Amino acid sequence: MVKKCLFTLLLLTTLFALVACAPDRPEEGKSENKDSGETNEKPDELTIWANDEEKHLEAVKSFAAKYEEKEGIKVNVVAKSMLDQLQELSLAGPEGKGPDLFLQPHDQIGNIVAQGLAEPLSLTEEEKSGYSKAAIDAVTYEYDGETNVYGAPAVIETYGIYYNTDIVKEAPKTIEDLQAILENYTDQSKDQYGFLMKPNDIYFAYPFFKNYGGYIFGGEPGEYDVTDIGLANEGAVKGGELFQSFFGKGKIPTSTTVDVVDGLFTEGKVGAVINGPWSIATYKEALGDKLKTAPFPDINGKPSSTFVGVKTWMVSYYSEHKDWAKDLALFITNEENLQEYFETAGELPPNTKALESIDDPIYEAFAEQIKSGVPMPSTPQMSQVWEPANNALQFIAEGEDVKPVLEEAVEQIKTKIEASGGTGQ
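What counts, and where the lines are drawn
Sequence order as written defines the numbering, with residues in each chain counted from 1. For a predicted model such as this one, the threshold for reporting local features is a pLDDT of at least 70, and the threshold for listing and counting side-chain atom pairs is 80 or more; totals across whole chains, interfaces and linings nevertheless cover every residue. The basis for the side-chain values is all heavy atoms of the structure; hydrogens and waters are excluded. The way it works is that DSSP assigns letters per residue, a run of H or I at least four long becomes a helix, a run of E at least two long becomes a strand, and they are numbered from the N terminus. Each residue is placed in one exposure class: buried if its accessible area under a 1.4 Å probe, protein chains only, is under 20% of its type's maximum, exposed if it is over 50%, and partly exposed if it falls in between. Contacts were defined at the residue level, with two residues in contact if any of their heavy atoms lie within 4.5 Å. Where accessible areas are quoted, they stem from the Shrake-Rupley method and a 1.4 Å probe; at the residue level, only the protein chains shown are allowed to cover. Axes here refer to lines fitted to C-alpha atoms; in helices the fit is confined to the stretch in contact. Angles between the N-to-C directions go from 0 to 180 degrees. Just so you know how the angles are binned, under 35 degrees is roughly parallel, over 145 roughly antiparallel, 65 to 115 roughly perpendicular, and the rest oblique. Should the near helix be turned anticlockwise from the far one by less than a right angle, the crossing is termed left-handed; should it be turned clockwise, right-handed. In this classification, the charged set is Asp, Glu, Lys and Arg, the nonpolar set is Ala, Val, Leu, Ile, Met, Phe, Trp, Tyr, Cys and Pro, and all remaining amino acids, among them Gly, are polar. Strands qualify as paired when DSSP identifies two bridges or more between them. Surface patches are defined over residues having more than 30% relative accessible area and no salt bridge, joining like charges when they lie within 9 Å and nonpolar side chains (Val, Leu, Ile, Met, Phe, Trp, Tyr) when within 5 Å. Any Lys or Arg side-chain nitrogen located within 4 Å of an Asp or Glu carboxyl oxygen qualifies as a salt bridge. Counted charges follow a simple rule, with Lys and Arg positive, Asp and Glu negative, and His plus the chain ends left uncounted. Charged side chains are reduced to one point each, which is NZ for Lys, CZ for Arg, CG for Asp and CD for Glu. pLDDT is a per-residue confidence score from the predictor, ranging from 0 to 100. N or O atoms closer than or at 3.5 Å make up a polar contact, with two conditions inside protein: a donor-capable atom paired with an acceptor-capable one, and, for residues adjacent in sequence, both atoms drawn from side chains.

### Concerning the overall build of the chain
- When its secondary structure is counted, the chain shows 17 helices and 15 strands.
- Every one of the 425 residues in the chain was classed for burial, and the buried ones make up 55%.
- Within the chain, residue pairs in contact and separated by at least 24 positions form 78% of the contacts whose partners lie at least 6 positions apart.
- Here the chain displays about 18,400 Å² of accessible surface, and carbon together with sulfur accounts for 46% of that area.

### Section: the packing of helix 8 (residues 202–210) against helix 9 (residues 234–244)
- The geometry of helix 8 relative to helix 9 is characterised by a closest axis approach of 7 Å and an angle of 120 degrees between their N-to-C directions. Classified by the angle between their axes, helix 8 and helix 9 sit oblique to one another. Both helix 8 and helix 9 take part in a crossing whose hand is right-handed. Across from Ala205, Phe208 and Phe209 in helix 8, the residues of helix 9 making contact are Gly235, Ala236, Gly239, Gly240, Leu242 and Phe243.
- Its residues placed into classes, the contact of helix 8 with helix 9 shows 6 nonpolar, 3 polar and no charged.

### Remarks on the pairing of strand 5 (residues 140–143)
- Two strands pair when backbone bridges link them, and strand 5 and strand 6 (residues 146–149) are joined in this way by 4 bridges, in the antiparallel orientation. In the sheet register, Tyr141 faces strand 6, and the bridge partner there is Asn148.
- Counted along the chain from strand 5 to the antiparallel partner strand 6, the turn is 2 residues long, and its residue Asp144 has a positive phi close to 55 degrees.

### Focus: a negative patch on the surface
- Negative charge collects at one region of the surface, where Glu398, Glu400, Asp401 and Glu408 lie side by side.
- Here Glu400 shows up in the loop between helix 16 (386–397) and helix 17 (402–419).
- Its relative accessible area of 39% is what places Glu400 among the partly exposed residues.

### A closer look at the pairing of strand 7 (residues 152–157)
- In terms of residue burial, strand 7 counts as a mostly covered element, since 6 of its 6 residues are buried.
- When strand 7 meets strand 14 (residues 307–316), the two strands line up antiparallel, connected through 5 bridges. The partner of Ile156 across the bridge, within strand 14, is Val310.

### Things to note about the confidence of the model for the chain
- Mean pLDDT over the chain works out to 91, with 90% of the residues at or above the 70 mark.
- Low confidence marks residues 1–38, where pLDDT is under 50. Its contacts with residues over four positions away, or in another chain, come to 59 contacts.

### Here we look at the side chain of Asp201
- Within the secondary structure, Asp201 is located in the loop between strand 9 (193–196) and helix 8.
- Despite being buried, Asp201 has no salt bridge partner; Lys198 is the closest side chain of opposite charge, sitting 4.4 Å away.

### Points about helix 12 (residues 322–332)
- In terms of residue burial, helix 12 counts as a mostly covered element, since 9 of its 11 residues are buried.
- Buried within helix 12 are the following residues: Lys322, Trp324, Ala325, Lys326, Leu328, Ala329, Leu330, Phe331 and Ile332.

### A closer look at helix 8
- Here helix 8 lies mainly inside the structure; 8 of its 9 residues are buried.
- Along helix 8, the residues classified as buried are Ile202, Tyr203, Phe204, Ala205, Tyr206, Pro207, Phe208 and Phe209.

### Quick word on the side chain of Glu347
- Of note, Glu347 is situated in the loop between helix 13 (335–345) and helix 14 (352–356).
- On the basis of relative accessible area, Glu347 is assigned to the buried category, the value being 16%.
- A distance of 2.7 Å separates the side chain of Glu347 from the side chain of Lys311, its partner in a polar contact.
- Within polar-contact distance, the side chain of Glu347 engages the side chain of Tyr341 at 2.6 Å.
- Residue contacts for Glu347: discarding those within four places in its chain leaves Val155, Lys311, Tyr341 and Phe342.

Below, the structure written as structure tokens:
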């Protein structure tokens, strides 16, 4: 998660600096290709900027070869870190040297759209139906009064419970089960814990608040009302009080860090932790067959609303072959190719049939959890939420009164949003 947050912060720092360089937008109704109903002339070649991870590249090159065989269009796969893609696109795109497709996490869509770097996709209901609802919600974004889909979802991820069967025999089904595991198997004098989580991370703590009626921004996914912040309402306070009950003497130490969680869990000293599928390899190597996973326990009598993240193939605004770029994006993310991608790269597919076909008990829990997940807000104002919210969680874990802590956090978020450029999108 630390890497995730650093990645986001680095991107945001760069992107805000580049907004001023955004290209002139076409006048309304004059966007090239979009919904034109016309078929572009088939290009000789298309270019993809793929992430520079070995397994990811291996899969994308396979898809490129299959698309070339299918359509007769050469697909150039260029390895480029997602961290670098947007800055380079803003420079290379206007010169005609950019890609037709590029890959980005959905929580960057607000910034990408503000810079005018991506072209919205016009997807039919049949095309949308191939993806999970959470994935489509994640790549849907409202800008300047118009709501569109930006990109074809390629990867979806959320988090759940990992547990060590040497300590925890059965997966916790409810938050009360998890609390009992914490209390029954914790002996701080021996560095042994029934359950551990980092206290100051709203990403993992969000279900505590959401399941009681708290929320970050009002409105619908992709159409956020950033003036409506629900992190101090009545439900959020109840969720904060539940969260607080996991910390203190004989429970989770308030100084717990990610390194402590991972270190003690892989040493076999922790019964259960919260994490995402990106930790499977590390945990599996340490615990072997003792490692099992489960969806996030139910809170307030209902499935927990964990945050969902999506990586999406986006069509460059500067592409001269937008319709074919969209066709390639849909090809890469069809059921067959996303099954292959999962088998190669180990990342969960947002295609519902591909997701349901996974026959691996470790991954199945995350696939199940996605059904009740909610997209992490993609609006740029989300960057102003992390620090105040995470600080509030730390204060709550340390025993401060929940309601005033959350109210102060909300005021800080509002102030930061106004200072960063206001509440408009």
